[in-house]
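Structural description and commentary
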Amino acid sequence: MSPPVFNFVDVKEKFTAAARHALSGKTCKHLIAVFNQISGNETEKKTTLDQALRGVLGDQIVEQKASCHDYLSLIYLSIDAVTEGICSATTPFVLLGDVLDCLPLDLCEKIFSFVEENVSTWKSSSFYTAGKNYLLRMCNDLLRRLSKSQNTVFCGRIQLFLARLFPLSEKSGLNLQSQFNLDNITVFNKNEQESTLGQKQTDEKEDSMEVEEGEMGEDDAPAPCSIPIDYNLYRKFWMLQDYFRNPLQCYDKFSWMTFLKYSDETLAVFKSFKLDDMQASKRKMEDLRASDGEHVYFAKFLTSEKLMDLQISDSNFRRHILLQYLILFQYLKGQVKFKSSSCVLSDDQSTWIEETTKLVYQLLRETPPDGDKFATMVEHILNTEENWNAWKNEGCPSFVKERTVDDKPKRPTRKRQAPEDFLGKGPDRKIFMGNDELTRLWNLNQDNMEACKSDGREFMPSLDEFFAEAIEQADPASMVEDEYKVVRNPNYGWRALRLLSRRSPHFFQPTNQKFKSLADYLDSMVSKLAKELPKDIPSEEIKTGEEDDDDNGDNLLKDGNDSPSIQSKIVTNQQMDDLAAKLGAQWKTLASHLEMKAVEMREIETDSEDVEMQAKLLLVAWQDREGTQATVENLATALNAAGFSQIADSLNEA
């Protein structure tokens, strides 16, 4: 039996009813359940659901009863459907485009706020690839409907959204060929006969004669200008906008001379017409009051002759013109990939641009408010623009740098200092401990471990020497009261217990006698010692190898001699140096007979590249592992087994 034919109309009606039910319940579960119940191909069901959602939106728009909230609820539903895998990824963007095409601009601004808030959703892997072209087309359609002078803020929001949506290296938003907007023409009065600028100055002069002295305050009067503001200045000033619009004219000799002349006169007016903080602050407050506290946006120049003197005295307008100069100079001096070979500045042009750039920055610093901060910020931004131009000249390479795979394996980083970094070489080597006093103490003896084992480092007293005073006080003939005996001293009692535990066999013998205090116990021990320790016979000593840490043995370290028995058995540092020099690169042969692991051998090779130092590190590692068993006999046995019989013989002779 053949499978049932997919009925598009019936399925669409079911999806439409399920979508309306999901909108009323504000959940996508019912729509998912209906989608799973319908049999058919997944692609066919998704396409049908896309059409059903678009049909629901069309009904809402035709009825004109739905609000922006209803439209956004449907778009949210489509986003959830895409996440659940029952709807095409392009559906939310198609619905957004339909809504924005059918709504007036004031409602479009509310819908676009939703688009801005969900930019992280559009950039996710589920939506970005499928919807980036839809979003770009939607934003361009909006920009065509908006007026750049009336809807400046909305246009700026759209541009910022696109900058957040697309990566920085997206070439669709770049002016790769450095083209200019030649349609941006500044219109002004070019007929001197129709000019009212001279007539205005005459009227102002007559009006000023009628004003009584003292009626106008100093703060209200503009600063005087030595250059008259007439039609000639007006025409030259606005003619400069044509050079800012198309900088390539500056490479023409005659056009450059005209630009040079007009620029000198304009900058001279700015230089002679000084602004102060009081005028700028007062004018700014008046502008804010006129706009009810909102920011004022200037989308295009106002080129009326009547505004010429006001524009020259306006700090924001002056900054705008001066910034145009800096942008133009940066293009003329910069290296642009698509510039013609004939677009080269002469030496005189370069010199004039450098001098004029300094003048422009000086005027920016003198323009209130916060002229210094503004000039510093502009300079920083233009320096950053140089990096942007260099990136475009290089063909807009990706900002993601791929890791280069080296054929040669890299050495692992050294976690600790190699011995050659802080150890000297030879018998007179000196080890630096980071402090002068520590360095002096460490280098008192050539082998500190051997010096610590010498007889001169024995500081523990004998029993008869330590208990001599206590034995004397225990004699009744001495007539010393109990409270004045040394055994009553807690410090003396603690030291006596330590000494007894190391040198007296009575300390570990069990006894049935009970003592009330430590002093009573010591009295008993002193009585035993007095009977067993004649003054002419040394006491029996139990050596444990522990030393007292209270005394400083600098002089004993310096004068102490190594024990001959130990010296003949333990391998010394000098012997290891001589042996390492003889082994050289053959140290690996000996390593296997010293039972060194492969991991330890790799660490030795990593720590140093010098083969002699590697041999020394091998012997040091073997000595640290064996401890007291690192004797000359054991090392000679390993050398003979490795085939170094001559080196073993020289080691035994030493």
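What you see is a predicted model, and the numbers here were worked out from it, not measured in a lab. (Residues numbered from 1 in each chain as written. Predicted model: local features only at pLDDT ≥ 70, side-chain atom pairs only at ≥ 80, totals over all residues. Heavy atoms only, no water.)

**Concerning the confidence of the model for the chain**
- Residues with a pLDDT of 70 or more make up 81% of the chain, whose mean pLDDT is 80.
- Of the regions scoring below 50 in pLDDT, residues 293-298 engages in 6 contacts with residues more than four places distant in sequence or in other chains.
- Of the regions scoring below 50 in pLDDT, residues 536-568 engages in 40 contacts with residues more than four places distant in sequence or in other chains. (pLDDT = per-residue confidence, 0-100. Contact = heavy atoms within 4.5 Å.)

**Remarks on unusual backbone geometry**
- The step from Pro 368 to Pro 369 runs through a cis peptide bond, and the omega angle for that step is -5 degrees.
- You can see Pro 369 is positioned in the loop between helix H16 (347-366) and helix H17 (371-393).
- The phi dihedral of Met 479 is positive, around 55 degrees, even though this residue is not glycine.
- Structurally, the position occupied by Met 479 is in the loop between helix H22 (468-474) and helix H23 (490-503).
- At Glu 595, a residue that is not glycine, the phi angle is positive and equals roughly 65 degrees.
- Here Glu 595 shows up in the loop between helix H28 (587-593) and helix H29 (598-607).
- Looking at Glu 595, the relative accessible area reads 62%, which means it is exposed. (Helix = DSSP H or I, 4+ residues; strand = E, 2+ residues; numbered from the N terminus. Buried < 20%, exposed > 50% of the residue type's maximum accessible area, 1.4 Å probe, protein only.)

**Details of the packing of aromatic side chains**
- Within the structure shown, the criterion is met by 30 aromatic pairs.
- Centre to centre, the rings of Phe 237 and Trp 238 are 5.1 Å apart; their planes meet at 85 degrees, and the pair counts as edge-to-face. The two residues Phe 237 and Trp 238 agree in class, both being buried.
- Site record: aromatic cluster; members linked through ring pairs are Tyr 243, Phe 244, Trp 256, Phe 259, Tyr 325, Phe 329 and Trp 352.
- The ring centre of Tyr 134 lies 5.5 Å from the NZ or CZ of Arg 137, which sits over that ring.
- The ring of Phe 374 has Arg 319 sitting right over it, with the charged end atom 4.3 Å from the ring centre. (Phe/Tyr/Trp six-rings, centres within 6.5 Å; stacked < 30°, edge-to-face > 60°. Lys NZ or Arg CZ within 6 Å of the ring centre and 35° of its normal.)

**A word on H29**
- Residues Met 601, Ile 604 and Asp 607 constitute the buried set of H29. Down the axis of H29, the buried side of the element spans an arc of 125 degrees, and every buried residue falls inside it. (Arc of directions from axis to C-beta.)

**Overview of the nonpolar core**
- Of all hydrophobic cores here, the largest spans 55 residues; its most connected members are Phe 15, Val 115, Trp 122 and Phe 161.
- Leave out the neighbours within four places in its chain, and Trp 122 touches Ile 79, Phe 93, Leu 96, Phe 114, Val 115, Phe 127, Tyr 128, Leu 135, Phe 161 and Leu 165.
- Grouped together as the second largest cluster of nonpolar side chains are 47 residues, Leu 260, Phe 270, Tyr 325 and Leu 326 included. (Core = buried A, V, L, I, M, F, W, Y, C linked by side-chain atoms within 4.5 Å.)

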